Amino acid sequence: MIMDFVANVPLIDEPLLIIEAGMLSNDLNLINEGVGLIDAVIIHAVQKHELQLWTLD
């Protein structure tokens, strides 16, 4: 059952994604909005690859 879930999760292999996310965070001043770098990486990856994000926030 867990492997069915894992098979549907996209894998992103982009070493520069964190750099791009840091630049996005800086441009949008996300740190002052309480958005950390890891969250910025998630936001950037979702936007860049047109993925769906499921969150409880």
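Described below are features of the structure shown in this document.

The rules behind the values
Residues numbered from 1 in each chain as written. Predicted model: local features only at pLDDT ≥ 70, side-chain atom pairs only at ≥ 80, totals over all residues. Heavy atoms only, no water. Axes fitted to C-alpha atoms, helices over the stretch in contact; angles between N-to-C directions. Helix = DSSP H or I, 4+ residues; strand = E, 2+ residues; numbered from the N terminus. Parallel < 35°, antiparallel > 145°, perpendicular 65-115°, else oblique. Contact = heavy atoms within 4.5 Å. Expected span 1.5 Å × (residues − 1). Buried < 20%, exposed > 50% of the residue type's maximum accessible area, 1.4 Å probe, protein only. Patch = residues over 30% accessible without salt bridge, like charges linked within 9 Å, V, L, I, M, F, W, Y side chains within 5 Å. Areas by Shrake-Rupley, 256 points an atom, 1.4 Å probe, with all protein chains shown as cover. Salt bridge = Lys/Arg side-chain N within 4 Å of Asp/Glu carboxyl O.

**What to know about the packing of helix α2 (residues 17–28) against helix α3 (residues 37–48)**
The interhelical angle for the contact between α2 and α3, taken along N-to-C directions, is 105°, at an axis separation of 8 Å. Here α2 is positioned roughly perpendicular relative to α3, judged by the angle of their axes. Together, Leu17, Ile18, Glu20, Ala21, Gly22, Leu24 and Ser25 of α2 and Leu37, Ala40, Val41, His44, Ala45, Gln47 and Lys48 of α3 make up the contact between the two elements.

**Some details on α3**
Counted at 1.5 Å a residue, the expected span for α3 with its 12 residues is 16 Å, and the 16 Å between its end C-alpha atoms agrees. Buried within α3 are the following residues: Ala40, Val41, His44, Ala45 and Val46. Immediately beyond the C-terminal end of α3, within one or two residues, lies Glu50, with a positive phi of roughly 50°.

**Some points on α2**
Counted at 1.5 Å a residue, the expected span for α2 with its 12 residues is 16 Å, and the 16 Å between its end C-alpha atoms agrees. A positive backbone phi angle near 55° is found at Asn29, which sits one or two residues after α2.

**Here's the deal with a nonpolar patch on the surface**
Where nonpolar side chains cluster on the molecular surface, the patch consists of Ile2, Met3, Phe5, Val6 and Val9 and spans about 530 Å² of accessible area. Inspection of the secondary structure puts Phe5 in helix α1 (residues 2–7). Residue Phe5 is classed as exposed on the basis of its relative accessible area of 56%.

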